[in-house]
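Structure assessment
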Amino acid sequence: KMLQAIGKGAFSVGYALYKTQLGKSMHDQTCAACANLPPHSSSIMVPLVAGYHVSILPILHDNYAYLIVDETSRTCLAVDPADAKAVARAIESENLTLSGILTTHTHWDHAGGNEELKRMFPNIHVYGSTTDSIPALTDAVADGEMFWFPAHTVVEDPKLIVEVWEAPCHTKGHVLFVINQKPPQTPEGGSEAPRPTPVAVFTGDTLFSGGTGKFFEGSAAEMAKNLERMATLPNDCKVFCGHEYTLNNYKFAAAVEPDNAVVAERIAAARRLRRDRFPTMPTTIGDEIAANPYMRIVTSRAACGKIAMAMYGITGDMVLREGRSDNVAVLAELRRVRDENLLKVKIDALSAEEDM
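Here's what I pulled together on the structure shown here. Numbers given to residues run from 1 along each chain, matching the order in which its sequence is written. The predicted nature of this model means local features are confined to residues of pLDDT at least 70 and side-chain atom pairs, given and counted, to a pLDDT of 80 or more, with totals for whole chains, interfaces and linings taken over all residues. Remark: hydrogens and water are excluded; side-chain values derive from all non-hydrogen atoms of the structure.

What to know about the overall build of the chain
Counting its regular elements, the chain contains 13 helices and 17 strands. Expected size for 356 residues packed as a compact globule is a radius of gyration near 21 Å; at 21 Å, the chain falls within 12% of this value. For the chain, the C-alpha atoms occupy an extent of roughly 60 × 55 × 40 Å along the three principal directions. Here the chain holds 356 residues, and 49% of them are scored as buried. In what follows, a contact means two residues having at least one pair of non-hydrogen atoms within 4.5 Å. Restricting to contacts in the chain with at least 6 residues of sequence separation, those with at least 24 account for 59%. Each accessible area is a Shrake-Rupley estimate made with a 1.4 Å probe; only the visible protein chains count as cover when residues are assessed. As presented, the chain carries roughly 16600 Å² of accessible surface, and 54% of it is formed by carbon and sulfur atoms. Here a strand is any run of E in DSSP of at least two residues, a helix any run of H or I of at least four, and the numbering for each starts at the N terminus. In this description the radius of gyration comes from C-alpha coordinates, and the expected globular size is given by 2.2 Å times residues to the power 0.38. Note on exposure labels: buried denotes an accessible area under 20% of the residue type's maximum, exposed denotes more than 50%, and partly exposed covers the range between, all computed with a 1.4 Å probe on protein chains only.

Describing empty space enclosed by the protein
For cavity detection a 1 Å grid was placed over the protein atoms alone, and a set of points counts as a cavity when a 1.4 Å probe fits there but cannot get out; an open set counts as a pocket when protein lies on both sides within 12 Å along at least five of seven lines, with lining residues being those that have an atom within 4 Å of a point. Grid points are joined across faces, edges and corners, and a volume is the space filled by probe spheres set on the points. Throughout the structure, instances matching the rule amount to one cavity of 30 Å³ or more. Taken as a whole, the largest cavity holds about 40 Å³ of empty space. Lining the largest cavity, in full, are Tyr64, Tyr66, Val79, Asp80, Gly204, Phe240, Cys241 and Gly242. Elements with a minimum of two residues in the lining of the largest cavity: β3 (63-70) and β14 (238-241). Split into classes, the residues belonging to the lining of the largest cavity amount to five nonpolar, two polar and one charged. Ten residue types, Ala, Val, Leu, Ile, Met, Phe, Trp, Tyr, Cys and Pro, are classed as nonpolar, four, Asp, Glu, Lys and Arg, as charged, and the remainder, Gly among them, as polar.

Looking at the layout of surface pockets
In this model, the largest pocket occupies a volume close to 650 Å³. Asp62, Asp109, Asp205, His243 and Tyr245 are, among the 28 residues lining the largest pocket, the residues nearest its centre. Looking at the lining of the largest pocket, the elements that each hand over two or more residues are α2 (21-34), α4 (108-111), α7 (246-256) and α12 (327-339). Looking at the lining of the largest pocket, its residues break down into nine nonpolar, twelve polar and seven charged.

Details of the sheet that holds strand β8 (residues 146-149)
Taken together, six strands build an open sheet; the order of strands is β8-β9-β10-β11-β14-β15 and the sheet is mixed. Pairing within the sheet leaves two strands with one partner each, and these edge strands are β8 and β15 (283-284). For strand β11 (residues 197-204) and β14, the ladder comprises four bridges, and the chain directions are parallel. Among the inter-strand pairings, Val201 is bridged to a residue of β14, identified as Val239. Where helix α6 (residues 220-230) meets the sheet, its contacts fall on β9 (160-166), β10 (175-181) and β11, and the angle it forms with β9 comes to roughly 155°. Here, a strand pair is defined by DSSP locating no fewer than two bridges between the strands. For helices, the axis comes from a line fit to the C-alpha atoms of the stretch in contact; other axes are also lines fit to C-alpha atoms, and the angle between any two N-to-C directions lies between 0 and 180 degrees.

Here's the deal with the sheet that holds β3
Taking strand neighbours across the sheet as the criterion, the seven strands line up as β1-β2-β3-β4-β5-β6-β7 in an open arrangement whose pairing is mixed. Every interior strand has two partners, whereas the edge strands, β1 (44-49) and β7 (139-140), have only one. In terms of strand pairing, strand β2 (residues 52-59) meets β3 through eight bridges, oriented antiparallel. Bridging across to β3, Val54 finds its partner in Ile68. Contacts from helix α3 (residues 84-93) reach β2, β3, β4 (75-79) and β5 (97-102), with the element oriented near 30° to β3.

As for a nonpolar patch on the surface
Patch criteria: residues need more than 30% relative accessible area and no salt bridge. Like-charged residues are merged within 9 Å; nonpolar side chains of Val, Leu, Ile, Met, Phe, Trp and Tyr are merged within 5 Å. Whenever Lys or Arg places a side-chain nitrogen within 4 Å of a carboxyl oxygen from Asp or Glu, that contact is recorded as a salt bridge. Among the surface-exposed residues, Val13, Leu17, Leu22 and Met26 lie close enough to one another that they form a single nonpolar patch of about 380 Å² accessible area. Mapped onto the nonpolar patch, the elements with two or more residues apiece are α1 (2-18) and α2. As for its placement among the helices and strands, Leu22 is situated in helix α2.

Observations regarding the nonpolar core
Judged by nonpolar contacts, the single largest core of 65 residues is most densely connected at Ile68, Phe202 and Leu331. If you look at the next biggest cluster of nonpolar residues, it comprises 23 residues, including Ala65, Ala78, Ile91 and Ile101. Side-chain atoms within 4.5 Å are what join buried Ala, Val, Leu, Ile, Met, Phe, Trp, Tyr and Cys residues into a set we call a nonpolar core.

Overview of the side chain of Thr212
Mapped onto the fold, Thr212 is located in strand β13 (residues 211-212). Judged by relative accessible area, Thr212 falls into the buried class, the value being 5%.

Overview of the packing of α7 against α12
A pair of packed helices is characterised by two quantities: the angle between their axes and the separation of those axes. Two elements in contact, α7 and α12, have axes separated by 12 Å at closest approach and are oriented at 120°. Classified by the angle their axes make, α7 and α12 are oblique. Every pair of crossing elements has a handedness; the one defined by α7 and α12 is right-handed. Note on element contacts: α12 touches α7 through Leu334, Val337 and Arg338, opposite Asn248, Asn249, Phe252 and Val256. Classifying every residue of the contact of α7 with α12 gives four nonpolar, two polar and one charged. Oblique is the label for any angle not covered by the other classes, which are roughly parallel (under 35 degrees), roughly antiparallel (over 145) and roughly perpendicular (65 to 115). Here is the rule for handedness: rotate from the far helix to the near one, and if that takes an anticlockwise turn smaller than a right angle the crossing is left-handed, while a clockwise turn gives right-handed.

Some words on α12
Expected helix span is computed as 1.5 Å times (number of residues minus one). Taking 1.5 Å of rise per residue, 13 residues should cover 18 Å, and α12 covers 18 Å from first to last C-alpha, within 8% of that figure. Along α12, the residues that are buried comprise Asn327, Val330, Leu331, Glu333, Leu334, Arg335 and Val337. We call two N or O atoms a polar contact when they sit within 3.5 Å, provided that within protein one can donate a hydrogen and the other can accept it, with sequence-adjacent residues counted only if both atoms are side-chain atoms. Capping the start of α12 is the job of one residue whose side-chain oxygen sits 3.0 Å from the backbone nitrogen of Val328: Asp326. Trailing α12 by a residue or two, Asn341 shows a phi angle of about 60°, which is positive.

Comments concerning the packing of aromatic side chains
Any aromatic ring pair is given by two values, namely how distant the centres are and how the planes are angled relative to each other. Ring geometry is summarised as follows: Phe, Tyr and Trp rings, the Trp one being its six-membered ring, pair when their centres sit within 6.5 Å, and such pairs are stacked at plane angles under 30 degrees, edge-to-face over 60 and tilted between the two. Taken as a whole, this structure holds ten aromatic pairs when the rule is applied. Here the aromatic rings of Phe11 and Tyr15 are separated by 5.7 Å at their centres, their planes lie at 15°, and the arrangement is stacked. In this pair, Phe11 and Tyr15 are both assigned in helix α1, four residues apart and thus about one turn of the helix distant. We classify Phe11 as partly exposed; its relative accessible area is 41%. Here Tyr15 falls in the buried class, since its relative accessible area comes to 13%. Between the aromatic rings of Tyr66 and Phe240, the centroid separation amounts to 5.2 Å while the plane-to-plane angle is 70°, which identifies the pairing as edge-to-face. Here the residue Tyr66 occupies a position in strand β3, and Phe240 occupies one in strand β14, the gap between them amounting to 174 residues. Over a ring means this: the NZ of a Lys or the CZ of an Arg is within 6 Å of the ring centre and within 35 degrees of the ring normal. Its guanidinium or amino end placed over the ring of Trp165, Arg229 lies 4.2 Å from that ring's centre, counting from NZ or CZ.

Read these as spatial facts, not as claims about activity.
Next comes the structure, spelled out in structure tokens:
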């Protein structure tokens, strides 16, 4: 326990330093070093709705930045463009005009390119939370705010609506950006206007393919609320995450739920993609509900109980409330098991299979 306390104390000091200009200096060094390395993945374009696509940009060692592109006006929004030079090259290669930056949270590997891009493109908007002290912020956003993309000043009839969801936990001011397709016109005489359709969500470090971000500045209760809310999005809603963690996440999921056939399918698919250096993004909300153990804990009572038993077998702790597994407590325990690498032997065995 004393060693754990010392470790937590050292982490707290290191984390505080990371969020200062010292951390920014280290980030800049990482960007410079990665410029001399091949990208960790291929850059690909993913259709979103008619006339729009998302360009997936591999940056740093395992991060993704994204461009949301209107193919008619050739304007784009950049999501978490932490490596400004790499993102600027991608914008130039597609012959685009950058109109704004969507920043999910303050960590340098997501927000570290904001100031340089703002200098390159002075007229852009930089969206993010004031709680997180986003660099170069011009447009502070809060839960439920929406804006058109592109703006009406750029095109007469924009098709996308960007919606902000607050998602505190990984950082206090973390936000998600939900991309909605404009609904069709209400039929004449219709009694109820159709609602926009969510077609994609940019989750930063809140939700990963097969996992979640660490609870650096929040609690399992906050993460549970975030996951429950994301689970209300349509099953086919595309999920664009901040890192290429899919294969490792699903190895952990397989160690927790070895009989989940969907997890095995996800591992096989991820191995095929990564063998050829393709991104495993995007995933979908339906994929995550089916196979992501953190999401399963908050969306399925049966899965929560099953994973609670798995945690009991690993740690010897079982938290019950009124005779049922407490999903917040199980979520916290699952995160602790992952953070403390308590399933290393099982995960190493799955990695050994990959090498055979």
